[in-house]
Amino acid sequence: MRAYGVRPLLVLLLLTPGTVLGAQPRADADRYDDVFRKATKRHFGPAFDWRLFKAQGMAESNIDATARSRVGARGVMQLMPGTFREVASKNPELTRIDDATSNIMAGVAYDRRLWDAWARDSVETDRLPFTLASYNAGRGTLLSAQRTARASALDPRAWANIERVAPTVPRWRHAETLGYVRRIAQLHGQLDDRGRVMSGTITIRGGRAR
């Protein structure tokens, strides 16, 4: 497995106005770091930056294992029960959606499935935002966005073109998805080399991490 970083995603963030910041880190935001490391190593290899998935967990639930959304998504990685069951059917060690370790492992495994799905359908440097956007909105929605880009004579494999046509894609809450991708990049940028939230970074609620 070659080392994939998040530099293209961070560049995307810096070049895009209106960044939405992520959830406010809590004092126990680091409690599942070992799980994120293990899940990343298992599904993406040791060279992949595990902090990306911690940032995703921060964006999804504020690293809250008890979180539940109004549509039924649950846990740190805000998985729908059906998605968890599907992932667990191929990973029998995953026990319960409300178990934090199983939830994180399943979320990263699902990320890996999406990552593989975009291997041929995206520019390599843009594979990460396609993966994260699919986690949020579903791969079918992003394929629809690609069809819209293609109809506009734009390269559908380039993330910048997906952002460009997003407002015209039917039945897509594009602002939520695009904000989600940027939010993860922002949160990733707030983590130090050990994955700890750096002091002095601004949180979504206007406070500073201590």
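Keep in mind that what you see is a predicted model, and the values were worked out from it rather than measured.

**A few points about the environment of Glu 124**
Mapped onto the fold, Glu 124 is located in the loop between α5 (100-117) and α6 (127-137). When its relative accessible area of 30% is taken as the criterion, Glu 124 is described as partly exposed.

**Notes on the nonpolar core**
Counting residues in each nonpolar core, the largest one holds 54 residues, and the members touching the most others are Tyr 32 and Phe 36. Broken down by secondary-structure element, the contributors of at least two residues to this core are α2 (33-44), α3 (51-61), α4 (81-88), α5, α6, α7 (139-151), α8 (159-165) and α9 (174-189). The element contributing the most residues to this core is α5, with nine residues. If near-sequence neighbours (up to four positions away) are discounted, Tyr 32 is found in contact with Ile 63, Ala 65, Val 76, Ala 100 and Ile 104.

**What about the layout of surface pockets?**
Size it by volume and the largest pocket reaches roughly 680 Å³. As for the largest pocket, its lining consists of 24 residues, of which Val 71, Ala 73, Tyr 135, Asn 136 and Glu 176 are closest to the centre. Among the elements of the structure, α3, α6 and α9 are those that each provide at least two residues to the lining of the largest pocket. Split by residue class, the lining of the largest pocket holds 10 nonpolar, eight polar and six charged.

**Let's talk about the environment of Asp 64**
Assignment of secondary structure puts Asp 64 in the loop between α3 and α4. We classify Asp 64 as partly exposed; its relative accessible area is 21%. Residues Asp 64 and Gly 75, spaced 11 residues apart in sequence, show a C-alpha to C-alpha distance of 6.4 Å.

**Topic: the pattern of salt bridges**
Any two side chains of opposite charge can pair, on the condition that their charged atoms come close. In this structure the tally under the stated criterion is 15 salt bridges. Of the charged contacts in the structure, one is a salt bridge between Asp 30 and Lys 54, with a shortest N-O distance of 2.5 Å. Of this pair, Asp 30 sits in the loop between α1 (7-15) and α2 while Lys 54 sits in helix α3, and the two are 24 residues apart along the sequence. Residue classification places Asp 30 among the partly exposed positions, given a relative accessible area of 25%. Taken together, the shared-partner salt bridges connect Asp 30, Asp 33, Lys 54 and Arg 196 into one network.

**Overview of the packing of α4 against α5**
The contact between α4 and α5 brings their axes to 10 Å, and the two run at 80°. By the angle between their directions, the pair α4 and α5 is classed as roughly perpendicular. Here α4 contributes Thr 83, Phe 84, Glu 86 and Val 87 to the contact with α5, which in turn contributes Ser 102, Asn 103, Ala 106, Ala 109, Tyr 110 and Arg 113. Taken together, the residues of the contact of α4 with α5 break down into five nonpolar, three polar and two charged.

**Side note on the packing of α3 against α9**
Orientation of α3 relative to α9, taken along the N-to-C sense of each, is 120°, at an axis distance of 8 Å. Classed by the angle they form, the pair α3 and α9 counts as oblique. Both α3 and α9 take part in a crossing whose hand is right-handed. Across the interface between the two elements, Arg 51, Leu 52, Ala 55, Gln 56, Met 58, Ala 59 and Glu 60 from α3 touch Tyr 180, Arg 183, Ile 184, Leu 187 and His 188 from α9. Within the contact of α3 with α9, the residues separate by chemical class into seven nonpolar, two polar and three charged.

Calculation rules
Residues numbered from 1 in each chain as written. Predicted model: local features only at pLDDT ≥ 70, side-chain atom pairs only at ≥ 80, totals over all residues. Heavy atoms only, no water. Helix = DSSP H or I, 4+ residues; strand = E, 2+ residues; numbered from the N terminus. Buried < 20%, exposed > 50% of the residue type's maximum accessible area, 1.4 Å probe, protein only. Core = buried A, V, L, I, M, F, W, Y, C linked by side-chain atoms within 4.5 Å. Contact = heavy atoms within 4.5 Å. 1 Å grid on protein atoms, 1.4 Å probe; cavity = no way out; pocket = protein on both sides within 12 Å on 5 of 7 lines; lining within 4 Å. Points joined across faces, edges and corners; volume = space filled by probe spheres on them. Nonpolar A, V, L, I, M, F, W, Y, C, P; charged D, E, K, R; others polar. Salt bridge = Lys/Arg side-chain N within 4 Å of Asp/Glu carboxyl O. Axes fitted to C-alpha atoms, helices over the stretch in contact; angles between N-to-C directions. Parallel < 35°, antiparallel > 145°, perpendicular 65-115°, else oblique. Left-handed = near helix turned anticlockwise from the far one by under 90°.

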